Amino acid sequence: MFCGLAILGVGSAAAATRDVVSFDFGWKHRTGLTQRAKSDDPPPVNPNPGLSPPESAPSFKDDDWQLVQLPHDGLIGNAASSHACPDGCSGRSYIPRHVLWYRKAFNLPSTWAGSAIWLDFEGSFRNTTVWINGQLAASHDCGYTPFRLRLDNITAVKYGTSNVIAVFVDPDNGDSGGRDHGSGWWYEGGGLYRRVQLVRTDLVHIEQDGLFAYSNLSSHGLASATPSAVVHASAAVSNERNVSVSVCVKFSIDDPNGAPVAGVQGSGLPGVTVDVSHGASVTVRASLDVANPKLWSSSTPTIYTVTAIVLAGACGSSPATPLDEVSVQHGFRSLRYDANAGFFLNGEHFKVRGFCDHNTFAIVGMAVPERINLFRAQASRAVGGNGRRTSHNPPDSAMLEIYDRVGVVVMDENRLFANETRYVTNMGAMVKRDRNHPSVVIWSFCNEAGCEGSHETGGPRFREISYKYDGSRPTLANMFTFGDLLSNTIDVQGFSHQSRTKLEACHEKLPYKPIYMSECCSCNTMRDEDEGAA
């Protein structure tokens with residue numbers, strides 16, 4: 001039972017404009033479609049639970065299910081089996097990829113009635129189906145992008161008493177998946193492997209990932225330079241009330257110590273007044289000047305905070321009742337990729353010494369705790385690393401927050417790539433979610449064979465959606481080839497394990513295009529000896 005709701009209010013002290021509650025605790029879990037799977041059982045041939053499985057009903061008895069906390073890899077704890085996995089299964093783990101069930105009882109406060117309420121799933125691998133009190137409510141088929149479930153418009157939802165959510169996860173259903181492996185060739189776990197949050201807002205609110213800020217520096221690079229900056233902030237405001245509303249949107253910027261450096265510092269100062277029709281969304285934009293900002297760099301990763309607040313009524317009206325407030329991190333830095341001289345961060349040449357890391361770690365599998373992600377980042381920095389490629393999928397947003405803080409530049413990579421709307425949508429979801437992280441310095445569409453042949457026709461649409469939601473960073477693909485459609489679509493030519501001769505041929509043919517060795521130099525390391533290319 002989700003009792004004693006611990007609510008994190010985001011907004012003024014007088015009244016929380018937005019409540020964000022961890023939904024990671026109190027889950028019950030079972031491995032197996034209709035009963036608990038045994039260690040040597042092969043995964044079911046037909047994993048479809050149906051539209052109204054018994055497990056989705058509030059009255060279903062889950063007393064013998066395992067109590068778990070998210071993030072949770074539902075596969076990693078199962079025994080390895082050469083009988084169920086004669087060919088090794090996912091990443092030669094010999095762990096059978098069984099389907100997974102999760103259930104949780106929770107209460108919604110009666111005072112939340114009339115609000116907009118969501119469950120935000122940051123990642124579930126892979127094909128996920130959700131029921132609320134036995135009512136089919138949502139599905140999601142990408143294992144690496146977030147999705148959200150609207151609760152207040154589900155007729156079965158109750159306030160002030162118990163509700164039950166049931167989640168079914170098939171870790172193998174989907175493109176390139178199979179009964180014995182995930183979508184990748186490495187070990188991919190399964191289940192609710194990232195955080196889930198319960199979010200409540202007013203019916204007039206800033207959309208999910210709807211606050212975006214990027215900045216332009218007027219001067220940079222030299223230690224003696226005194227930079228100034230203009231922050232371009234935008235907020236998408238949605239109105240789900242039954243009538244049109246006028247609202248005032250104000251932006252502000254705070255330094256690392258919480259002191260205001262730009263924007264609205266009092267209710268009487270100007271904002272932007274907009275009218276938002278019923279059921280519509282309006283994007284509000286503003287530019288804010290910041291004098292002498294401290295730059296975000298690998299050695300001094302300084303983080304500022306950009307905040308947007310939505311007030312009822314026109315700007316200057318009274319009372320100025322807050323409706324919603326959202327903040328994002330921001331780092332002042334400039335990026336430049338030069339075809340002849342390489343990558344420049346804040347006007348200074350920056351040699352990226354990075355690692356391609358998968359979304360798993362040892363015995364925790366796919367559900368990597370933040371303290372382990374911090375250890376990985378610190379270990380990378382300790383050996384001179386300053387870069388990370390998220391091979392080969394959108395990362396945990398908590399990992400990007402860590403890289404923002406420790407000064408690691410990130411190549412943020414999409415998972416599946418083709419000229420298909422769902423893949424383009426997934427790319428857009430990654431860009432929109434991650435665009436406020438100063439650590440992210442380039443977007444990657446795809447990896448190796450997934451970039452080649454017929455896949456490359458997806459390039460123009462992927463570029464379009466990347467620039468739609470961002471535009472402050474270039475695009476790349478980790479390729480074997482160059483000079484084709486995809487190569488001519490991306491901003492920076494990425495290469496995987498190609499010779500210097502090939503890189504020089506590319507530079508001769510495409511002298512205007514920067515080249516990034518986005519994957520190279522694989523090294524298998526044992527104590528006192530290294531194997532592989534230097």
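What this report covers is the structure whose coordinates are included nearby. (Residues numbered from 1 in each chain as written. Predicted model: local features only at pLDDT ≥ 70, side-chain atom pairs only at ≥ 80, totals over all residues. Heavy atoms only, no water.)

Some thoughts on the sheet that holds strand E13 (residues 228–239)
Remark on secondary structure: sheet strands pair via backbone hydrogen bonds, oriented parallel or antiparallel.
Move 1: Reading across the sheet, the 3 strands line up as E12-E13-E17 and stay open at both edges, with antiparallel pairing between neighbours. Single-partner strands in this sheet number two, and they are strand E12 (204–217) and strand E17 (281–291). Neighbouring strand axes in the sheet, compared pairwise and without regard to direction, differ in orientation by 15° on average.
Move 2: As paired strands, E13 and E17 are joined by 11 bridges and run antiparallel to one another. For serine 238, the partnering residue across the bridge sits in E17 and is serine 281. (Pairing = 2+ DSSP bridges. Helix = DSSP H or I, 4+ residues; strand = E, 2+ residues; numbered from the N terminus. Axes fitted to C-alpha atoms, helices over the stretch in contact; angles between N-to-C directions.)

A few points about the layout of surface pockets
Move 1: The volume enclosed by the largest pocket comes to roughly 1500 Å³.
Move 2: Contributing to the lining of the largest pocket are 46 residues, with Tyr516, Met517, Ser518, Glu519 and Cys520 lying nearest its centre.
Move 3: If you list the elements that add at least two residues to the lining of the largest pocket, you get strand E20 (335–338), strand E21 (342–345), strand E23 (354–357), strand E24 (387–390), strand E25 (409–413), helix H6 (500–509) and strand E29 (515–519).
Move 4: Among the elements that take part in the lining of the largest pocket, E29 stands out by supplying 5 residues, more than any other.
Move 5: Partitioned by chemical class, the residues of the lining of the largest pocket number 22 nonpolar, 12 polar and 12 charged. (1 Å grid on protein atoms, 1.4 Å probe; cavity = no way out; pocket = protein on both sides within 12 Å on 5 of 7 lines; lining within 4 Å. Points joined across faces, edges and corners; volume = space filled by probe spheres on them. Nonpolar A, V, L, I, M, F, W, Y, C, P; charged D, E, K, R; others polar.)

Description of the packing of helix H3 (residues 421–434) against helix H4 (residues 459–469)
A pair of packed helices can be characterised by two numbers: the angle between their axes and the separation between those axes.
Move 1: Their axes nearest at 9 Å, the elements H3 and H4 cross at an angle of 30°. Relative to H4, the element H3 is oriented roughly parallel. Here H3 runs over H4; the crossing is right-handed. Two secondary-structure elements touch here, H3 through Thr421, Tyr423, Val424, Met427, Gly428, Val431 and Lys432 and H4 through Arg461, Phe462, Ile465, Ser466 and Tyr469.
Move 2: In the contact of H3 with H4, the residues fall into 7 nonpolar, 3 polar and 2 charged. (Parallel < 35°, antiparallel > 145°, perpendicular 65-115°, else oblique. Left-handed = near helix turned anticlockwise from the far one by under 90°. Contact = heavy atoms within 4.5 Å.)

Digging into the side chain of serine 487
Move 1: Position of serine 487 among the secondary structure elements: in helix H5 (residues 485–489).
Move 2: Given a relative accessible area of 0%, serine 487 falls into the buried group.
Move 3: When residues no more than four places from it in sequence are discounted, the contact partners of serine 487 are Met479, Phe482, Gln493, Leu510 and Lys513. (Buried < 20%, exposed > 50% of the residue type's maximum accessible area, 1.4 Å probe, protein only.)

Digging into the sheet that holds E21
Move 1: Taken together, the 3 strands give an open sheet; going across it, the order is E20-E21-E22, and neighbouring strands pair in antiparallel fashion. Each having just a single partner strand, E20 and strand E22 (348–349) make up the two edges of the open sheet.

Comments concerning the state of the cysteines
Move 1: One pass over the full model with this rule turns up 4 disulfides.
Move 2: With its sulfur 2.0 Å from that of its partner, cysteine 248 forms a disulfide with cysteine 315. Where cysteine 248 bonds to cysteine 315 through sulfur, the torsion about that S-S bond is close to 95°, and the disulfide is right-handed. Of this pair, cysteine 248 sits in strand E14 (residues 245–254) while cysteine 315 sits in the loop between strand E18 (304–312) and strand E19 (322–330), and the two are 67 residues apart along the sequence.
Move 3: Residue cysteine 248 is classed as buried on the basis of its relative accessible area of 2%.
Move 4: Of note for the protein chain: the bonded cysteines, numbered N- to C-terminal, pair according to 1-2, 3-4, 5-6, 7-8.
Move 5: For the unlinked cysteine cysteine 356, the closest cysteine sulfur is that of cysteine 520, found at 8.0 Å. (Disulfide = S-S within 2.5 Å.)

A short note on the environment of glycine 88
Move 1: On the secondary structure map, glycine 88 appears in the loop between strand E4 (66–68) and strand E5 (100–107).
Move 2: In contact with glycine 88, not counting residues within four places along its chain, are Ser93 and Tyr94.

Considering unusual backbone geometry
Move 1: Going from phenylalanine 125 to arginine 126, the amide bond is cis rather than trans, its omega being 0°.
Move 2: Position of arginine 126 relative to the elements: it lies in the loop between strand E6 (116–121) and strand E7 (127–132).
Move 3: Serine 391 connects to histidine 392 through a cis peptide bond whose omega is -15°.
Move 4: The topology assignment puts histidine 392 in the loop between E24 and helix H2 (397–406).
Move 5: The phi dihedral of aspartate 209 is positive, around 55°, even though this residue is not glycine.
Move 6: Topologically, aspartate 209 is positioned in strand E12.
Move 7: Residue class for aspartate 209 comes out partly exposed when judged on its relative accessible area of 29%.
Move 8: The backbone of glutamate 448 shows a phi angle near 45°, a positive value even though the residue is not glycine.
Move 9: By the element assignment, glutamate 448 lies in the loop between strand E26 (440–447) and H4.

Quick notes on H4
Move 1: Taken residue by residue, H4 has Gly459, Phe462, Ile465 and Ser466 as its buried positions. One side of H4 carries all its buried residues, which in axial view fall inside an arc of 140°. Turned more than 90 degrees off the buried face of H4, the exposed positions are Glu464 and Lys468.
Move 2: At its buried positions, H4 is contacted by H3, E26, strand E27 (475–479) and H5. (Arc of directions from axis to C-beta.)

Digging into the pairing of strand E8 (residues 135–140)
Residues in a regular strand project their side chains so that they alternate between the two faces of the sheet.
Move 1: Note that E7 and E8 share 5 bridges and pair antiparallel. Looking at the pairing, valine 130 lines up with alanine 138 of E8.
Move 2: Counted between consecutive antiparallel strands, the loop separating E7 from E8 contains 2 residues, among which asparagine 133 sits at a positive phi close to 50°.

As for the packing of aromatic side chains
Move 1: One pass over the structure, following the stated rule, counts 19 aromatic pairs.
Move 2: Between tryptophan 27 and tyrosine 102, the aromatic rings sit 6.3 Å apart at their centres with planes inclined by 90°, giving edge-to-face as the arrangement. One end of the pair, tryptophan 27, is in strand E3 (residues 27–31); the other, tyrosine 102, is in strand E5, with 75 residues separating them in the sequence. Like tryptophan 27, the residue tyrosine 102 is buried in the burial classification.
Move 3: Among the aromatic residues, ring-to-ring pairing joins Phe23, Trp27, Tyr102 and Phe106 into one connected group.
Move 4: Positioned over the ring face of phenylalanine 23 is lysine 104, at 4.6 Å from the centre of the ring.
Move 5: The ring of phenylalanine 344 carries the charged tip of arginine 336 above its face, separated from the ring centre by 4.1 Å. (Phe/Tyr/Trp six-rings, centres within 6.5 Å; stacked < 30°, edge-to-face > 60°. Lys NZ or Arg CZ within 6 Å of the ring centre and 35° of its normal.)

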